[in-house]
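# Topology and contacts: notes
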Amino acid sequence: MPYWTEAHSIQKIIADLATCSILWVDTEVADWWTAHPRLSLIQVLTDPGDRSGAQTHILDVLDQPDLTQQFIDQIMVNPAIKKVFHNASYDLKFLGQTRAQNITCTLKLARSLSKSLLKTSNCKLKTLAQELCGFTEVDSEPQTSDWGYRPLSHEQLRYASLDPVYLAQVHQKLLSLLKPVPPFTPVSPASSSNALPSLSVTKIRVAFECARLFYLAHHFGGITLFRPPGSILGIGNAFHDLADRLVQVVLQDDRFQALLSPPTEALNAGEIGSQMRDLFYSLVFFPHLQATVKADPSKAAALQHLWQGLTSLIQRWAELLVSNRRYCTAEDVLRKTFLAQELTVQHSFQLPNGQQQLVKGKFDSLIYDFSCHRLYVVEYKTYQSLDPSAQLAQVALYSYMLREKVGVPIHSAVYSVLPDWNELSFTWDELEKTVHQLIPHKLQQMQQWVNWQQDQADPPPPAAQSAFCEICPQQSKCQAFFSVSQSEPTIAPPPEPILPLHPLPAVRSPAPDAEELGQNLVATLQSFGIGVTYQGAAIGPAFVRVKLKPNPGVKVNSILKLSNDLRVQLGIIHAPLIAPQSGYVSVDLPRSDRQTAAFEEYLQPISLSPTDPAHIAIGVNLEGKLIEVDLSDPNTCHFLVGGTTGSGKSEFLRSLLLSLLIRHSPQHLKVALVDPKRVTFPEFEKMPWLYQPIVKDAEGAITLMDSLVAEMESRYQKFEVSHCNNLGTYNQTAPKILPRIVCIFDEYADFMAEKEIKSALELNIKRLGAMSRAAGIHLIIATQRPEATIVTPIIRSNLPGRIALRTASEADSMIILGGKQTEAAYLLGKGDLFLLAGSNLLRLQSLFASNPHQYGIGKPSPT
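Residues numbered from 1 in each chain as written. Predicted model: local features only at pLDDT ≥ 70, side-chain atom pairs only at ≥ 80, totals over all residues. Heavy atoms only, no water.

Take the sheet that holds strand 3 (residues 38-45) next. Strand pairing in a sheet is mediated by backbone hydrogen bonds. Such pairs are either parallel or antiparallel. Strands sit in the order 1-4-3-2-5-6 across an open sheet of six strands; the sheet is mixed. Across the chains shown, the open sheet's two edge strands, defined by having one partner strand only, are strand 1 (3-4) and strand 6 (103-105). Sheet analysis places strand 1 next to strand 4 (residues 57-60), joined by two bridges and oriented parallel. Its bridge partner being in strand 4, Trp4 is matched across the sheet by Leu59. Where helix 1 (residues 7-17) meets the sheet, it contacts strand 1, strand 2 (22-30), strand 3 and strand 4, and its direction lies at approximately 135° from that of strand 4. Relative to strand 2, helix 7 (residues 154-178) is tilted by about 140°, and along the sheet it contacts strand 1, strand 2, strand 3, strand 4, strand 5 (82-85) and strand 6. (Pairing = 2+ DSSP bridges. Helix = DSSP H or I, 4+ residues; strand = E, 2+ residues; numbered from the N terminus. Contact = heavy atoms within 4.5 Å. Axes fitted to C-alpha atoms, helices over the stretch in contact; angles between N-to-C directions.)

What follows deals with unusual backbone geometry. Going from Arg150 to Pro151, the amide bond is cis rather than trans, its omega being 5°. In this fold, Pro151 is placed in the loop between helix 6 (125-131) and helix 7. Residue Asn102 is not a glycine yet carries a positive backbone phi of 55°. Structurally, Asn102 can be placed in the loop between helix 3 (88-91) and strand 6. Residue His723 is not a glycine yet carries a positive backbone phi of 60°. One can find His723 in the loop between helix 23 (698-722) and helix 24 (727-733).

The antiparallel open sheet is built from four strands, whose spatial order is 13-14-16-15. For this open sheet the edge positions go to strand 13 (532-539) and strand 15 (577-581), each flanked by a neighbour on one side alone. Between one strand and the next, the sheet's axes are offset by a mean angle of 25°, whatever the strand orientation. Relative to strand 14 (residues 543-550), strand 13 runs antiparallel, the two sharing six bridges. Directly across from Val532, in strand 14, lies its bridge partner Pro550. Where helix 19 (residues 514-527) meets the sheet, its contacts fall on strand 13, strand 14 and strand 16 (584-590), and the angle it forms with strand 13 comes to roughly 145°.

One pass over the structure, following the stated rule, counts 28 aromatic pairs. Here Trp147 and Tyr159 contribute two aromatic rings whose centre-to-centre distance is 6.1 Å and whose plane-to-plane angle is 35°, an arrangement assigned as tilted. Of this pair, Trp147 sits in the loop between helix 6 and helix 7 while Tyr159 sits in helix 7, and the two are twelve residues apart along the sequence. The same class applies to Trp147 as to Tyr159, namely buried. Centre to centre, the rings of Phe239 and Tyr380 are 5.8 Å apart; their planes meet at 85°, and the pair counts as edge-to-face. Here the residue Phe239 occupies a position in helix 10 (residues 236-252), and Tyr380 occupies one in strand 10 (residues 374-381), the gap between them amounting to 141 residues. Per residue, the accessibility class of Phe239 equals that of Tyr380, and both read buried. In textbook terms, an aromatic cluster arises when at least three aromatic residues are bridged by ring pairs, as seen for Tyr215, Phe220, Trp452, Phe481 and Phe482. (Phe/Tyr/Trp six-rings, centres within 6.5 Å; stacked < 30°, edge-to-face > 60°. Buried < 20%, exposed > 50% of the residue type's maximum accessible area, 1.4 Å probe, protein only.)

Okay, structure coming up:
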């Protein structure tokens with residue numbers, strides 16, 4: 001149950017609720033026994049299928065009359081929104097009184113029925129919920145509690161979340177008793193000349209994606225986001241809230257302005273982005289993280305992805321600010337860049353049939369880019385859309401309506417921040433053309449769809465892409481509602497399932513036609529005057545590798561330099577990776593239907609002895625084989641891992657760690673974790689494999705590394721006494737097993753700011769890297785900033801194994817992989833990686849472990 005306490009969050013929720021067609025509403029009142037009662041909570045449910053209260057919005061408006069007034073102005077007096085209360089005469093005392101419109105009172109509905117038809121002992125909401133709708137264990141005790149005291153207890157919030165659920169179920173049941181038709185049959189066209197007094201931009205986007213989902217959402221409410229495989233549920237509102245707070249704190253805190261005060265030639269967007277991240281983390285995100293995890297530890301994984309998206313956005317803002325700084329002073333650049341957040345716009349469109357349609361919307365951000373002297377409407381997405389045309393329609397509407405308001409052309413951009421950064425930009429010409437060609441016709445279609453009834457022909461069409469049906473948030477409801485034949489009685493849509501907070505499983509789509517891709521690539525190269533012969537292809541989870549043999553006289557370099565040309569000609573999002581191989585040239589083309597390499601499909605728990613080799617899972621190769629490395633091998637005993645925001649570094653480290661835990665008992669393996677950001681290993685806080693509690697600060701990191709050096713020296717003393725030269729040999733005869741120790745050090749760069757800390761850590765890494773392999777102690781050092789000043793030659797020379805996920809630049813790629821190997825800068829992100837072990841460079845897809853708890857890991861021990 002979302003419980004909203006901050007004013008800006010409540011304002012955003014009210015704006016979202018104002019786009020719904022029907023709401024089930026309840027209130028809780030403080031000091032209700034006095035002459036001056038105070039409104040404490042407003043509870044709102046949009047989906048009548050929810051029977052648990054998980055989707056009830058609880059708005060804390062105690063002593064915040066401005067928020068209550070906003071709810072009244074945007075929702076209560078809006079005749080287009082149907083509001084259902086149980087005892088409406090009481091609730092309306094606090095919510096608009098006689099100004100409120102389109103109100104339904106279930107108490108009046110119940111009293112209008114005969115006792116023989118109703119068959120309940122009284123008409124109280126709790127009684128109707130139990131005797132009419134079959135709810136059990138309905139609790140009424142918190143009703144008389146003190147709703148003016150804060151904080152509210154868990155029991156109070158649980159009680160508050162369930163009242164709208166009872167209300168929605170009772171409402172549907174009463175309607176079915178009043179009429180011999182389904183409770184939510186849409187009104188007929190004859191009585192619905194004003195069926196759509198206004199439409200939200202969000203509903204229009206949904207209509208472009210799927211007409212049937214638009215229909216269901218318009219009449220019944222519910223979730224309307226098509227979430228691609230691997231995306232995280234439940235973080236969209238939180239991300240938008242934190243993104244707004246990011247701009248607010250940037251504009252208010254002088255430390256952000258100070259970052260831009262040096263001369264423009266001295267400004268580095270990467271460094272400024274890093275400093276902005278650190279400031280925002282300490283000022284806003286870390287307090288938010290602590291409060292959220294304390295209230296609900298299960299949200300830790302979602303917060304990890306949330307921070308990943310925020311770091312991408314912060315880096316984008318840093319780049320824009322550095323660019324704009326060339327045109328204005330440090331004092332002006334912030335306020336002249338960030339012009340508005342969540343600005344509301346509206347416009348009345350002329351339809352082909354001569355009618356008018358009012359459209360309203362609220363976009364996420366308005367910025368100014370001095371380099372092109374243009375305003376940009378920006379929309380944030382916490383997932384990668386399967387239909388860019390729907391996103392184009394959405395931002396085209398925002399830009400067009402703002403253009404009508406301010407009178408100047410406006411560009412637009414969509415920032416998809418998860419699972420990796422993707423930016424779509426559109427010029428005003430593209431946006432205006434989209435609006436004129438598509439929007440009026442679509443609005444007229446939407447009016448027709450809304451008026452359709454189940455006993456009529458020509459229902460709203462299904463989604464054009466079948467992939468949408470696989471991930472539809474209302475799949476079961478849609479199948480039940482639109483598959484009913486005209487001769488059968490219609491039934492109410494079934495309740496929606498409660499969706500989990502972890503990523504959805506991958507939707508397995510058919511593999512792309514490698515032969516067709518290969519021949520298309522050959523034809524494209526021939527158009528550039530380069531002759532090649534197709535020699536086959538291999539299909540991986542993220543890309544297709546096409547093998548080409550250059551014709552005699554064709555130089556390999558002539559193919560290598562065409563990467564960007566092929567990206568344009570083939571219409572792919574990422575430039576292909578082209579590399580010479582033994583006997584052919586490989587061209588790696590990204591798949592549009594990228595697949596996930598699920599951890600459970602490649603590894604299952606087994607129990608190994610302490611003398612067995614310790615293997616870690618790196619990723620899946622083009623043949624679908626899992627590639628693992630042995631920690632006792634000199635080439636793979638220690639690893640340097642590098643990857644920028646969105647590369648999948650955190651997920652890689654988690655799957656690597658899990659591959660060890662499911663095969664080695666806590667007696668045979670100990671893990672030391674360093675997590676300065678505090679969001680990479682939240683599920684592993686209480687596991688018995690921990691060498692010591694997870695380290696989260698510089699002092700703890702130094703202490704940990706000192707203890708590992710001391711443990712290494714102690715082990716070598718034991719080896720000397722036992723006449724052994726490595727851990728495996730020692731454990732074969734020793735009376736007490738020595739566990740292997742793996743230290744995973746996330747975001748090493750966070751500790752490099754202070755010279756003393758840097759020197760101490762480098763010295764210990766040097767000693768452990770040079771000597772600890774035989775002692776069974778292994779280092780995995782990871783950073784998203786593999787810069788030369790952070791990953792020094794001392795570090796590189798003592799960490800022989802290398803894992804390169806997508807890097808921010810070619811220079812970073814060369815630091816991780818060595819030499820002039822720049823390929824990591826062109827990886828696809830989200831677990832696409834290179835493994836360098838010895839002289840072998842392999843491109844793999846890392847595993848995705850969505851839920852370590854299924855292996856019994858991360859759960860607190862029973863006490």
